[in-house]
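Here is what each chain is made of, one letter per residue.
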Amino acid sequence: MPLVRRFLTHMSKKSSNFLGPGGFAKARSEGASFVMVENRPYIPSLIVDLKDDSVINAAKVILSCAEEIADGTETWKKPVGKTPTVKVTKLCGGLTNALFQVDINNESQQSVTSVLVRIFGAEGMIDRDKETANFARLCNTKNGSSVVHAQLEYLGRFGNGRVETLIPNMRAATISDLQKKEDLVLEVTRQMARLHCGFDVPNYMLDDEEGERNEFQPVLWDVLASWNDELITKISQACSSDLRLVNIFFSAIFGDTNPPLQFESSIGAAEGDDEPALTEMMSHIAQQLTRETRWMKDYISEHHPNAPVAFCHNDINAANILLNDELDSGDDNNYNRDSVAMIDYEYGAINYTMYDIANFICEHCGGNDNGIPNYGLVPSVDLQQKLVREYIQERDRVLNAAVTNSKDVNEEVLTLLSQVQTFQMASNLYWGTWGILQGTTELLEGQYEIKIVKSRLHGEIDTNSWDNLRYGRNRLDRYRKQKQSLLEKRARSK
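Let me begin by describing the structure that accompanies this report.

Reading guide: rules and limits
Residues numbered from 1 in each chain as written. Predicted model: local features only at pLDDT ≥ 70, side-chain atom pairs only at ≥ 80, totals over all residues. Heavy atoms only, no water. Helix = DSSP H or I, 4+ residues; strand = E, 2+ residues; numbered from the N terminus. Buried < 20%, exposed > 50% of the residue type's maximum accessible area, 1.4 Å probe, protein only. Contact = heavy atoms within 4.5 Å. Areas by Shrake-Rupley, 256 points an atom, 1.4 Å probe, with all protein chains shown as cover. Pairing = 2+ DSSP bridges. Axes fitted to C-alpha atoms, helices over the stretch in contact; angles between N-to-C directions. Salt bridge = Lys/Arg side-chain N within 4 Å of Asp/Glu carboxyl O. 1 Å grid on protein atoms, 1.4 Å probe; cavity = no way out; pocket = protein on both sides within 12 Å on 5 of 7 lines; lining within 4 Å. Points joined across faces, edges and corners; volume = space filled by probe spheres on them. Nonpolar A, V, L, I, M, F, W, Y, C, P; charged D, E, K, R; others polar.

### A word on the overall build of the protein chain
Then step 1. Along its length, the protein chain carries 15 helices and 13 strands.
Then step 2. Buried positions account for 52% of the 494 residues belonging to the protein chain.
Then step 3. The long-range share in the protein chain, meaning contacts at least 24 apart out of those at least 6 apart in sequence, stands at 72%.
Then step 4. Accessible surface, the protein chain: about 22,900 Å² in total, of which carbon and sulfur atoms supply 46%.

Here it is, written out as structure tokens:
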């Protein structure tokens, strides 16, 4: 019996619908082949191999299942005809996932159904159960203050990915768009405010492992702690007894700074094949980011104790912003919720709201193509202040807040701007750690020869291609410089 027919038969016999991330876990623990989670099909047994036609199979299966439960409000068109033709196009721009556009034409070629098939990457770094449940809830928030684009739909999930609608007539934004189109940047800022204030955070995001309800807690520190723990283990595995890798990771994490005093004797001993000295060096290198995370958390707790917290995107960059391509040919660039869409909510979680704006500001510098951000492109303080003011206005509109006097608004602008500037450091620490961890995984998997890793890291070769380790090093280098500037500024003010 074909996979689709078996699933539909199963649905007719069992109409239960699991909810939240626990629904996905429950389906797998019960060995279910097909189940409904968040009112959409979940087929854990369907695994997509990037080397065969299973991408097409996944799209067809999920679409056929979604068709059976459609209620008439869907924005996507179901494929018709007995012998559809299918075209698969690999999309660029995804650093974490493999993305494919699947176009299914009916036999008369009069209609096309286009969907996005997302194959999950960054295994172990993202909780896909939580992420998919969050995305389903976001797509279900369809009202006057919709927090996602009206045509963005979650269609279903399979073993190692999911299927979503592909919003028509859209293209990914570029760094040039962010630099030249201030109206676009302001609309993205307004959409952040709508996301922060308009999304009804589900209970499962507030419950701990014992089922106790907690207040909103920023995910930033737990994620960094988890990545740091994993990094300590992986650096030890990657380096083993190879001093070359020790030096590479020292350069990646510490930059071009001189070795700490405790390293001077250890380096000489390690070069003489002293295994204890090598182990001590690896431990110090691996734990450096843990120390920086602790410092960053303490600084924010002391200087921004009342920083607002809400559900945030946490990864707003040019590639995660879609624009209506019809605007490219006109002079009237009407950027609004219909012509601009924020996508890819895989890092979405409860976090500091000003972190979202700070991260967006950092992403103006690019680097998602070759791992080398251009920090000369960072928006001016005046523009940053303008974004904060726009955010406050949209936030108050969504919340129907009473209009406050200009003096109070100006004071809040300065308060939030100070937070934005601090969270730019946190963004660089976050994505720097991410890049180092991703690069370490690649080394363990043997994706690069050790002899070329250092040259790639320092941008001496392969500068036109992506490199996780190089990206991590550059983001951490920016963090160190910002921290040093901050400490110097505070010392002068005493």
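Now that the structure is up, let's keep going.
### Section: the sheet that holds strand β12 (residues 340–342)
Then step 1. Spatially, β9-β11-β12 is the arrangement adopted by the three strands of the open sheet, whose pairing is antiparallel. The sheet is open, and its two borders are formed by β9 (170–172) and β12, each paired with just one other strand. In this sheet, adjacent strand axes meet at a mean angle of 30 degrees when their direction is disregarded.
Then step 2. Sheet topology places β9 next to strand β11 (residues 321–324); three bridges connect them, and they run antiparallel. Opposite Arg171, over in β11, you have Leu323 as the bridge partner.
Then step 3. The sheet strands contacting helix α6 (residues 182–198) are β11 and β12, and the helix crosses β12 at an angle near 50 degrees.

### Quick notes on the environment of Gln217
Then step 1. In this structure, Gln217 sits in the loop between α6 and α7 (220–239).
Then step 2. In this structure Gln217 comes out as exposed when scored by relative accessible area, which is 54%.
Then step 3. As a C-alpha pair, Gln217 and Met205 span 12 residues in sequence and 9.7 Å in three-dimensional space.
Then step 4. In this view, Gln217 contacts Val309 and Ile350; residues no more than four positions away in its chain are not counted.

### Focus on the pattern of salt bridges
Pairing between side chains becomes possible if they bear opposite charge and their charged atoms approach one another.
Then step 1. Under the definition given, this model contains 27 salt bridges.
Then step 2. Taking the shortest distance from any N to any O, the salt bridge between Arg137 and Glu38 comes out at 2.8 Å. Separated by 99 residues along the polypeptide, Arg137 in helix α4 (residues 128–140) and Glu38 in the loop between β2 (35–37) and β3 (40–43) bring together distant segments of the chain.
Then step 3. Here Arg137 falls in the partly exposed class, since its relative accessible area comes to 24%.

### Notes on empty space enclosed by the protein
Then step 1. Taken as a whole and judged by the stated rule, the model has three cavities of 30 Å³ or more.
Then step 2. If you trace the largest cavity, you find it lined by Gly439, Glu442, Leu443, Tyr448, Val453, Arg456, Asp467 and Leu469.
Then step 3. Among the elements of the structure, α13 (406–444) and α14 (450–457) are those that each provide at least two residues to the lining of the largest cavity.
Then step 4. Class assignment for the residues of the lining of the largest cavity results in four nonpolar, one polar and three charged.

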